[in-house]
Amino acid sequence: MVMVYGALFSLLIPGLVPIGVANAQANETVGNAVNLTAPDGSAHATFIKTGATLTHFWVKDKDGEFRDIIIGFDNLTEYETAEAGTLYFGPIVGRYANRIRNGSDTLHGGFDGYNTRIWEVLTQSNNSVTFTLVDPDGKEGFPGFVFNTATYILDSNSSFKISLRAFATEETPILLSGHHFWNLEAYKESQDLLSHFVQFNSSRFVATDGNLIPNGTLTEVEGTPLDFRVAKSIGGSINDTAAEQYCGTGKTGCVGFDNCWVYDNNTGKEPIFSVWSTNSGIKLDVITDQPALQIYTCNGFDDTIPRKAEQGGPNATYGQHSCLVIEQESYIDAINNPEFGVDQIYGPNRTYEWEAEYKFSVLQ
């Protein structure tokens with residue numbers, strides 16, 4: 001199977017030599033888990049084949065101590081449950097991330113999206129791994145086979161690089177993203193996002209209906225709680241969303257963010273998004289080639305999921321508005337909104353590409 005797909009995957013990653021074709025330097029692999037370490041030891045991470053999921057991510061805080069700042073499960077078998085398939089803790093989501101108007105299931109590619117599939121390890125080293133997934137023709141109603149790769153690299157100076165590639169045999173909509181839940185304190189100082197400050201350059205967001213389906217308009221953030229052009233506490237801004245119910249009128253009493261912003265003048269070469277904790281001192285800057293961003297502030301969490309041990313669990317639980325998802329992506333549902341001017345149809349003559357670098361540092 002590797003030999004059959006090797007040539008196709010080499011189109012996505014030039015110079016790729018799959019495991020089984022030639023020997024690769026193996027990193028530490030335990031069962032379903034792949035453990036990576038940055039060359040200078042500044043970051044550590046664990047991934048699993050289910051969903052090509054990031055399950056643990058350790059970086060140093062202001063005191064030089066490592067913290068696991070990704071929420072999820074300590075028991076990796078939990079990621080294989082039906083409940084985990086609806087939580088989206090740390091996987092790649094697709095074939096079409098986020099929501100599609102009039103879809104049979106509108107969220108993250110359907111009931112059996114990329115997050116629930118078993119990806120295979122194609123190449124690996126001490127600080128990198130490439131997962132692959134073949135998405136069959138007709139799966140979840142999408143036409144054509146899609147050959148996917150997700151490459152994760154931990155580099156020196158706490159740099160986390162993600163590259164996604166997809167080659168389709170027929171024209172088909174594709175929108176991928178990493179769906180990672182972050183808490184930059186690892187729940188040590190607080191249980192909310194009040195100390196999490198966010199800044200990014202976006203003057204418009206994608207307006208939606210009550211079910212968070214885009215309605216075809218881009219709305220100015222000026223004068224709304226969605227204006228993060230100047231840094232502010234995202235936790236301190238959550239209650240400001242109540243009046244307009246930005247996280248959806250279809251959810252009774254919903255307060256918080258679950259929105260897509262369009263970046264202003266993103267060059268893909270400089271940080272376009274930043275978030276940091278004034279408690280832990282951990283800061284994240286994102287460089288990406290994607291034109292938009294989705295933020296979700298864990299609005300629906302109800303204290304039923306035990307936290308990881310390093311985050312105070314299992315007796316403590318993940319509570320509402322205690323974490324945030326940061327999805328670098330294209331305009332959501334652009335395939336149903338041609339007025340956005342974004343082409344999300346890919347095929348034999350057009351390969352899908354997605355790049356992001358997450359650069360971690362400590363506040364000075």
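A brief structural summary. Please read these numbers as outputs of a predicted model, since none were measured by experiment.

## Digging into the state of the cysteines
- Inspection of every chain in the model, using the stated rule, returns 2 disulfides.
- For Cys-247, the disulfide goes to Cys-254, at an S-S distance of 1.9 Å.
- Judged by its relative accessible area of 8%, Cys-254 is buried.
- Between Cys-298 and Cys-323 runs a disulfide, and the two sulfur atoms are separated by 2.0 Å. The sign of the -120° torsion about the S-S bond sets the Cys-298-Cys-323 disulfide as left-handed. Of the two residues, Cys-298 sits in the loop between strand S21 (292-296) and strand S22 (324-329) while Cys-323 sits in the loop between S21 and S22, which places them 25 residues apart along the sequence.

## What about the packing of aromatic side chains?
- Applying the stated criterion to the full structure yields 29 aromatic pairs.
- Seen from their ring centres, Phe-73 and Tyr-79 are 5.0 Å apart, and the 80° between their planes marks the pair as edge-to-face. In terms of burial, Phe-73 and Tyr-79 fall into one category: buried.
- Chaining the aromatic ring pairs together yields one cluster made of Phe-47, Phe-57, Phe-131, Tyr-152, Phe-160, Trp-182, Tyr-358 and Phe-360.

## A few points about the pattern of salt bridges
- Inspection of the entire model under this criterion finds 15 salt bridges.
- Residues Arg-95 and Asp-135 are paired through a salt bridge, measuring 2.8 Å at the closest nitrogen-oxygen approach. With a gap of 40 residues between them, Arg-95 in the loop between strand S6 (92-93) and strand S7 (120-124) and Asp-135 in strand S8 (residues 128-135) connect regions that are remote in the sequence.
- For Arg-95, a relative accessible area of 1% corresponds to the buried category.
- Take Asp-135: its relative accessible area is 1%, and that puts it in the buried class.

Rules used throughout
- Numbers given to residues run from 1 along each chain, matching the order in which its sequence is written.
- The predicted nature of this model means local features are confined to residues of pLDDT at least 70 and side-chain atom pairs, given and counted, to a pLDDT of 80 or more, with totals for whole chains, interfaces and linings taken over all residues.
- As a rule here, side-chain values cover all heavy atoms of the structure and leave hydrogens and water aside.
- Disulfide: a pair of cysteine sulfur atoms within 2.5 Å of each other.
- Exposure is judged per residue with a 1.4 Å probe applied to protein chains only, and the accessible area is read against the type maximum: over 50% gives exposed, under 20% gives buried, and values in between give partly exposed.
- Elements are defined by DSSP. Helices are runs of H or I of four residues or more, strands are runs of E of two residues or more, and each kind is numbered from the N terminus.
- Two rings from Phe, Tyr or Trp (for Trp, the six-membered ring) form a pair when their centres sit within 6.5 Å of each other. Planes less than 30 degrees apart are called stacked, planes more than 60 degrees apart edge-to-face, and all others tilted.
- By salt bridge we mean one thing: a side-chain nitrogen of Lys or Arg within 4 Å of a carboxyl oxygen of Asp or Glu.

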